[in-house]
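Chain and residue survey
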Amino acid sequence: QVRLVESGGGLVEAGGSLRLSCAASRSPGSFYAAAWYRQAPGKQRDLVARLTNGGNRNYADSVKGRFTISRDDAKNMLYLQMSGLKPEDTAVYYCNVMDYHGTDYWGQGTQVTVSS
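What comes next concerns the included structure.

Take the packing of aromatic side chains next. If you walk through the whole model with that rule in mind, you get three aromatic pairs. Aromatic pair Y32 and Y100: ring centres 5.8 Å apart, planes at 80°, arrangement edge-to-face. Of the two residues, Y32 sits in the loop between β3 (18–24) and β4 (33–39) while Y100 sits in the loop between β9 (91–98) and β10 (104–106), which places them 68 residues apart along the sequence. Judged by relative accessible area, Y32 falls into the partly exposed class, the value being 38%.

Structure below.
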């Protein structure tokens, strides 16, 4: 069973920074891909950033240049460094991994609130 536990969310002023962490039950690099998604109230869950096993990264247009996804396979950790935060970044952020069968696994989410 894959277990993912997010941490690092909170309340921050616009322009500030946060680093989200995701502790996984095994190394994120052992999956096909690891990612961060977010879901704002009343909206669908959207991809924020994705890191494949091979090291390819892709980002939502809205966060390019502000967010960075990374992993530490030795520590079984996935990270999302967020800077230049905007009120529209307010959402619950979810850690995700996909295995080589196409099965998704999710964490419980961590709230990020950006005040204007």
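Here we come to the state of the cysteines. Scanning the model with the defined rule gives one disulfide in all. Linked covalently through their sulfurs, C22 and C95 form a disulfide whose S-S length is 2.1 Å. Across the disulfide from C22 to C95, rotation about the S-S bond amounts to roughly -80°, and the bridge is consequently left-handed. Highlighted residues: C22 in strand β3 and C95 in strand β9, separated in sequence by 73 residues. Given the relative accessible area of 1%, C22 is considered buried.

We now examine the pairing of strand β8 (residues 77–82). It is a general feature of regular strands that their side chains alternate between the two faces of the sheet. Counting buried positions along β8 yields five of six residues, so the element is predominantly enclosed. With six bridges joining them, β3 and β8 adopt antiparallel strand pairing. Residue pairing for β8: C22 is matched across the bridge by L78.

On the basis of which strands lie adjacent, the open sheet formed by four strands has the order β1-β3-β8-β7 and antiparallel pairing. Bordering the open sheet on either side are β1 (4–7) and β7 (67–72), each of which pairs with just one other strand. Across the sheet, the mean angle from the axis of one strand to that of its neighbour is 15°, orientation sign disregarded. When β1 meets β3, the two strands line up antiparallel, connected through four bridges. Paired with S7 across the two strands is S21, which belongs to β3.

Judged by nonpolar contacts, the single largest core of 27 residues is most densely connected at W36, V48, F67, L80, M82 and Y93. Contributing elements (two or more residues each) for this core: β3, β4, β5 (46–52), β7, β8, β9 and β11 (110–115). Apart from residues lying up to four places away in sequence, F67 is in contact with R38, V48, Y59, L80, Q81, M82, S83, L85, D89 and Y93.

So, about the layout of surface pockets. Here the largest pocket defines a volume of roughly 180 Å³. Along its surface, the largest pocket is lined by 13 residues, and R38, A40, K43, D46 and E88 are the ones closest to its centre. Among the elements of the structure, β4 and β5 are those that each provide at least two residues to the lining of the largest pocket. Of all the elements, β5 adds the most residues to the lining of the largest pocket, at three residues.

Opposite charge on two side chains permits pairing when their charged atoms draw close. In total, this model carries four salt bridges according to the counting rule given. Ionic pairing is found between D73 and R71, a salt bridge with its closest N-O pair at 3.1 Å. Judged by relative accessible area, D73 falls into the partly exposed class, the value being 31%. What emerges from the salt-bridge pattern is a single network uniting R38, R66 and D89.

Calculation rules
Residues numbered from 1 in each chain as written. Predicted model: local features only at pLDDT ≥ 70, side-chain atom pairs only at ≥ 80, totals over all residues. Heavy atoms only, no water. Phe/Tyr/Trp six-rings, centres within 6.5 Å; stacked < 30°, edge-to-face > 60°. Helix = DSSP H or I, 4+ residues; strand = E, 2+ residues; numbered from the N terminus. Buried < 20%, exposed > 50% of the residue type's maximum accessible area, 1.4 Å probe, protein only. Disulfide = S-S within 2.5 Å. Pairing = 2+ DSSP bridges. Axes fitted to C-alpha atoms, helices over the stretch in contact; angles between N-to-C directions. Core = buried A, V, L, I, M, F, W, Y, C linked by side-chain atoms within 4.5 Å. Contact = heavy atoms within 4.5 Å. 1 Å grid on protein atoms, 1.4 Å probe; cavity = no way out; pocket = protein on both sides within 12 Å on 5 of 7 lines; lining within 4 Å. Points joined across faces, edges and corners; volume = space filled by probe spheres on them. Salt bridge = Lys/Arg side-chain N within 4 Å of Asp/Glu carboxyl O.

Keep in mind that these numbers describe shape and distance, not what the molecule does.
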